[in-house]
Amino acid sequence: MYLQTFAVLAASSLAWAETGEKQARQASSGSAAWDAAYSQASSALSKLSQQDKVNIVTGVGWNKGPCVGNTPAIRSIGYPQLCLQDGPLGIRFGGSVTAFTPGIQAASTWDVELIRQRGVYLGAEAKGVGVHVLLGPVAGALGKIPNGGRNWEGFGPDPYLTGIAMSETIEGIQSNGVQACAKHFILNEQETNRETISSVVDDRTMHELYLFPFADAVHSNVASVMCSYNKVNGTWACENDKIQNGLLKKELGFKGYVMSDWNAQHTTNGAANSGMDMTMPGSDYNGKTILWGPQLNTAVNNGQVSKARLDDMAKRILAGWYLLKQNSGYPATNLKANVQGNHKENVRAVARDGIVLLKNDDSILPLKKPSKLAVIGSSSVVNPAGRNACTDRGCNTGALGMGWGSGTTEYPYFVAPYDALKARAQSDGTIINLSSSDSTSGVAAAASGADAALVFITADSGEGYITVEGVTGDRPNLDPWHNGNALVQAVAQANKNTIVVVHSTGPIILETILAQPGVKAVVWAGLPSQENGNALVDVLYGLVSPSGKLPYTIAKSESDYGAPVARGGTDTFPEGLFIDYRHFDKQGISPRYEFGFGLSYTNFTYSSLIITSTASPGPAKGETIPGGRSDLWETVATITATIKNTGGVTGAEVPQLYITLPSSAPSSPPKQLRGFTKLKLAPGERKTATFNLRKRDLSYWDTAKQNWVVPAGSFGVSVGASSRDLRLSGKFDV
Ligand SMILES: OC[C@H]1O[C@@H](O[C@H]2[C@H](O)[C@@H](O)[C@H](O[C@H]3[C@H](O)[C@@H](O)[C@H](O)O[C@@H]3CO)O[C@@H]2CO)[C@H](O)[C@@H](O)[C@@H]1O
């Protein structure tokens, strides 16, 4: 019954215009499904001893089971040794699994169908190898700091875009019977000092930016949430009553369980009494410090942790297991099983449709059967030591497909740019001059005389337990690695048709590169994982028109972002609501390439803005359902616009809807993304873009009322091709 409901939800989500209806159905079926799971969990719980309950909530210890996290089996109720495994882009340490594209590439497609499919396939692979809990997707780091080492694991610094991607991914994963885990909760925005820093944020910013996508996750019935390493307002996230019990469980109505990030727990009683439900991995990395297990037993026996709290922890975990029907016919854990199926098709599609064309002077792209091409840079070829030579992808050698850390997988294969270009060149009769080094000496010889020179540059980052070329997680600057600016300069001096291809975990400052007259095109290829070269060739040769849009701003200077890595023991989040484009808009700073920007090989026109609204001012009132008050999820306004392909080739456009709150709201970002859709259009074809706005999309967080409020007054509406290319505007009164 429950799985059937999920199948209906999966299908309905594909019609993005149906958002409101989807949300309403989801909320009611979600609550009913949780009720059923809780009733099964209660009945199982009644058969368990206190020791059994402690076992359910305590990991067996680092490296003591098949997965990165494991809890003991409870045979009396048929409960298995639970396997928790990274991560957000596939099965870490898998034997024959797909290396899906990172979250940031998925966001860069702005394509909910592809994002959904990615989630469905992630779930299929997790189930195939017997993983019960897949440790992803990621909404924290949100990405306020452009240098943030782990930003690429998530979906970028806009809470609306990240929220939609969280929802689609979670529903996709869980449609295959696998528990998803929304992480890292919350305000874990940097790797530097991540295990000591205190993130101090104001209440409104917490709600409107950082909690916002976690509300989407809860609304999509995510089974688990991972609390993060940092402190929040002075208290460890995993021991923080306000965020775990207050925000997550009470305000958002989260019915699943909170697990610790690996070793993010600090005390036995503090964690238990503040809402953490499962400790991972159960010991430190040396197998020593154990904070629950026997310690929790003692704490319950002497009343420091109540029996009711232990019951609640165990019940929440069991409910997640029942919610996904994992009590029946779930495969045994075998991380080495081959579960790839045809999933590489999603990798190629996301890698390709996430490519953002930033510059294309003289329409140098798409390539037209060049006689001779120069291919330059160490990242044009696969790592000479092997595609998986570095543990957890902890090096930046050869072509880049993902960042480094626990959120990675082994590549089952890797198609580097040169591999795919060579194959295409053979069929076209093109000669390729390859220079697979980043040295500027000798590069002129390779570049000169070619019809075009493709030069590859990168920037990498990752999780702080690995240091790569002196970078411990967060990037120290936003420059390309390996002397990329000088390499491009040298190539562009030798060839006036230089095409720069960037693979990067986040924004790079491109000013030096753009100042070279020989640079005719910049292709922002992001993080394409195993299909790196194939996706690139699809776009370079015009098999598809590029359709990715930037999921973050590319600035002219690093200081323009106004959100540096915090160096002390505290990050006070002084930028508040104003991160990424919200900051650039407020301060009147011109970005180099704005949030939402991306060129195509065709052109689109926008017309016929129609606005209908039934919204009324005032606070949210509904009962609490998963995700918060029920009325927040109801559609209260619908906006449509007509988009036409006026060029000569098929392409896809992403019309974006931005809202400006009325002046009665307290100081707010000049505009905020509140809708998008991706329309594939043949030449001459037109389609309607439909944006359904929910009450939450029109609300701000009122700190006095402690509630979401729709302000009275005139709402500004802008629809356009990016956050700075707004083609249609209107307003409606509330
Ligand atoms: O994997 C589960 C979650 O763990 C966190 O990352 C940890 C990662 O999984 C783990 O491999 C790494 O271990 C190293 C450890 O930190 C270091 O002290 C020791 O010397 O070497 C270990 C590696 O061999 O620790 C990571 C945490 O520091 C992630 O934050 C979380 O997202 C994962 O889901």
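Residues numbered from 1 in each chain as written. Predicted model: local features only at pLDDT ≥ 70, side-chain atom pairs only at ≥ 80, totals over all residues. Heavy atoms only, no water.

- An unreviewed UniProt entry lists the protein chain under the name Beta-glucosidase cel3A, with Sordaria macrospora as the source organism.
- Per UniProt, the protein chain has the following entry under Pathway (unreviewed entry): "Glycan metabolism; cellulose degradation."
- Annotation of the protein chain in UniProt includes, under Sequence similarities (unreviewed entry), the sentence "Belongs to the glycosyl hydrolase 3 family." (UniProt positions renumbered as here; feature names shortened; annotations may be inferred.)

1. What about the overall build of the protein chain?
Here's step 1: What the protein chain contains, in helices and strands, is 18 helices and 30 strands.
Here's step 2: At 25 Å, the protein chain has a C-alpha radius of gyration in line with the 27 Å of a compact globule built from 734 residues.
Here's step 3: When its C-alpha atoms are laid out on the principal axes, the protein chain stretches across 80 × 60 × 50 Å.
Here's step 4: Sequence separation of 24 or more characterises 78% of the internal contacts of the protein chain that already satisfy a separation of 6 or more.
Here's step 5: On the protein chain, roughly 22,800 Å² of surface is accessible, and the fraction owed to carbon and sulfur atoms is 49%.
Here's step 6: In the protein chain, 63 positive and 61 negative side-chain charges are present, and the distance between their average locations comes to 3 Å. (Helix = DSSP H or I, 4+ residues; strand = E, 2+ residues; numbered from the N terminus. Rg over C-alpha atoms; globule rule 2.2 N^0.38 Å. Contact = heavy atoms within 4.5 Å. Areas by Shrake-Rupley, 256 points an atom, 1.4 Å probe, with all protein chains shown as cover. Lys, Arg positive; Asp, Glu negative; His and termini not counted. Charge placed at Lys NZ, Arg CZ, Asp CG, Glu CD.)

2. Comments concerning the site of the ligand
Here's step 1: Taken together, the neighbourhood of the ligand is formed by 18 residues, with Asp86, Arg92, His184, Arg194 and Tyr285 sitting nearest.
Here's step 2: Within the side chain of Arg92, an N or O atom sits 2.7 Å from an oxygen atom of the ligand.
Here's step 3: Between an oxygen atom of the ligand and a side-chain N or O atom of Lys183, the distance comes to 3.0 Å.
Here's step 4: Along the lines of polarity and charge, the residues of the shell around the ligand split into eight nonpolar, two polar and eight charged. (Near = heavy atom within 4 Å. Polar contact = N/O pair within 3.5 Å; in protein donor to acceptor, adjacent residues only side chain to side chain. Nonpolar A, V, L, I, M, F, W, Y, C, P; charged D, E, K, R; others polar.)

3. As for the sheet that holds strand E10 (residues 356-360)
Here's step 1: Pairing within the open sheet is mixed, and its six strands lie in the order E10-E15-E14-E13-E11-E12. Single-partner strands in this sheet number two, and they are E10 and strand E12 (431-435). Averaged over all pairs of adjacent strands, the angle between their axes in this sheet comes to 15°, without regard to strand direction.
Here's step 2: In this structure, strand E11 (residues 372-376) lies alongside strand E13 (residues 452-459), joined through four bridges in parallel fashion. Residue pairing across strands places Leu373 opposite Ala452, the latter belonging to E13.
Here's step 3: Across the sheet, helix H15 (residues 484-494) lies against E11, E13, strand E14 (498-504) and strand E15 (519-526), angled at about 175° from E13, the strand it touches most.
Here's step 4: Of the strands in this sheet, E13, E14 and E15 touch helix H17 (residues 532-540), which is tilted by about 140° from E15. (Pairing = 2+ DSSP bridges. Axes fitted to C-alpha atoms, helices over the stretch in contact; angles between N-to-C directions.)

4. Section: the UniProt feature "domain: Fibronectin type III-like" (unreviewed entry) in the protein chain
Here's step 1: In the numbering adopted here, UniProt assigns the feature "domain: Fibronectin type III-like" (unreviewed entry) to residues 653-723.
Here's step 2: Within the segment residues 653-723, helix and strand shares are 0% and 55% respectively, and the terminal C-alpha atoms sit 14 Å apart.

5. Some thoughts on the packing of aromatic side chains
Here's step 1: In this structure the tally under the stated criterion is 19 aromatic pairs.
Here's step 2: When the ring of Trp404 is compared with that of Trp481, the centres are 6.3 Å apart and the planes differ by 65°; the resulting orientation is edge-to-face. Separated by 77 residues along the polypeptide, Trp404 in the loop between E11 and helix H13 (417-428) and Trp481 in the loop between E13 and H15 bring together distant segments of the chain. Like Trp404, the residue Trp481 is buried in the burial classification.
Here's step 3: Residues Tyr593 and Phe597 carry aromatic rings whose centres are separated by 5.3 Å and whose planes lie at 25° to one another, so their mutual orientation is stacked. Residues Tyr593 and Phe597 agree in their burial class; the two are buried.
Here's step 4: Taken together, Trp110, Tyr160, Tyr581, Phe595, Tyr658 and Phe676 form an aromatic cluster joined through their ring pairs.
Here's step 5: Over the ring of Phe578 we find Lys586; its NZ or CZ atom is 4.5 Å from the centre of that ring. (Phe/Tyr/Trp six-rings, centres within 6.5 Å; stacked < 30°, edge-to-face > 60°. Buried < 20%, exposed > 50% of the residue type's maximum accessible area, 1.4 Å probe, protein only. Lys NZ or Arg CZ within 6 Å of the ring centre and 35° of its normal.)

6. Focus on the domain arrangement of the protein chain
Here's step 1: Along its sequence, the protein chain is carved into domain 1 (34-324), domain 2 (344-569) and domain 3 (602-733).
Here's step 2: Its C-alpha centre places domain 1 at a distance of 33 Å from the equivalent point of domain 2.
Here's step 3: Contact with domain 1, which involves 46 residues of that partner, is made by 56 residues of domain 2.
Here's step 4: Buried area between domain 1 and domain 2, both sides added, is near 3,800 Å², and the carbon and sulfur share of it is 54%.
Here's step 5: When residues of domain 1 are sorted by the area they lose upon contact with domain 2, Pro146, Asn147 and Trp152 head the list and together hold 18% of the total.
Here's step 6: Linking domain 1 with domain 2 are three salt bridges. (Domains from an automatic or database assignment. Buried area = accessible area lost by both parts, 1.4 Å probe. Salt bridge = Lys/Arg side-chain N within 4 Å of Asp/Glu carboxyl O.)

7. With respect to the sheet that holds strand E5 (residues 198-199)
Here's step 1: If you trace the four strands from one edge of the open sheet to the other, you get E8-E7-E5-E16, paired in mixed fashion. Two strands in the sheet have a free side with no partner beyond their single neighbour: strand E8 (235-236) and strand E16 (570-571).
Here's step 2: Taken together, the two bridges between E5 and E16 define a ladder with parallel strand orientation. Of the residues in E16, the one forming a bridge with Ser199 is Asp571.

8. Some details on unusual backbone geometry
Here's step 1: Here the amide bond leading from Lys183 into His184 is cis, since omega sits at -5°, within 30 degrees of zero.
Here's step 2: Its location among the elements puts His184 in strand E4 (residues 179-185).
Here's step 3: Across the junction of Leu365 and Pro366, the peptide omega takes the value 0°, indicating a cis bond.
Here's step 4: Structurally, Pro366 is set in the loop between E10 and E11.

9. Thoughts on the state of the cysteines
Here's step 1: The final tally for this structure, using the stated rule, is three disulfides.
Here's step 2: Paired by a disulfide, Cys227 and Cys238 hold their sulfur atoms 2.0 Å apart. Looking down the S-S bond of the Cys227 and Cys238 bridge, the torsion is 105°, so its handedness is right-handed. Of this pair, Cys227 sits in strand E6 (residues 224-227) while Cys238 sits in the loop between E8 and helix H8 (241-251), and the two are eleven residues apart along the sequence.
Here's step 3: Take Cys238: its relative accessible area is 0%, and that puts it in the buried class.
Here's step 4: The disulfide that involves Cys390 links it to Cys395, with 2.0 Å between the sulfurs. In this structure the cystine formed by Cys390 and Cys395 twists about its S-S bond by roughly 90°; its chirality is therefore right-handed. Both residues of the pair, Cys390 and Cys395, count as buried.
Here's step 5: Here the disulfide map of the protein chain reads 1-2, 3-4, 5-6, the bonded cysteines being numbered as they appear in the sequence. (Disulfide = S-S within 2.5 Å.)

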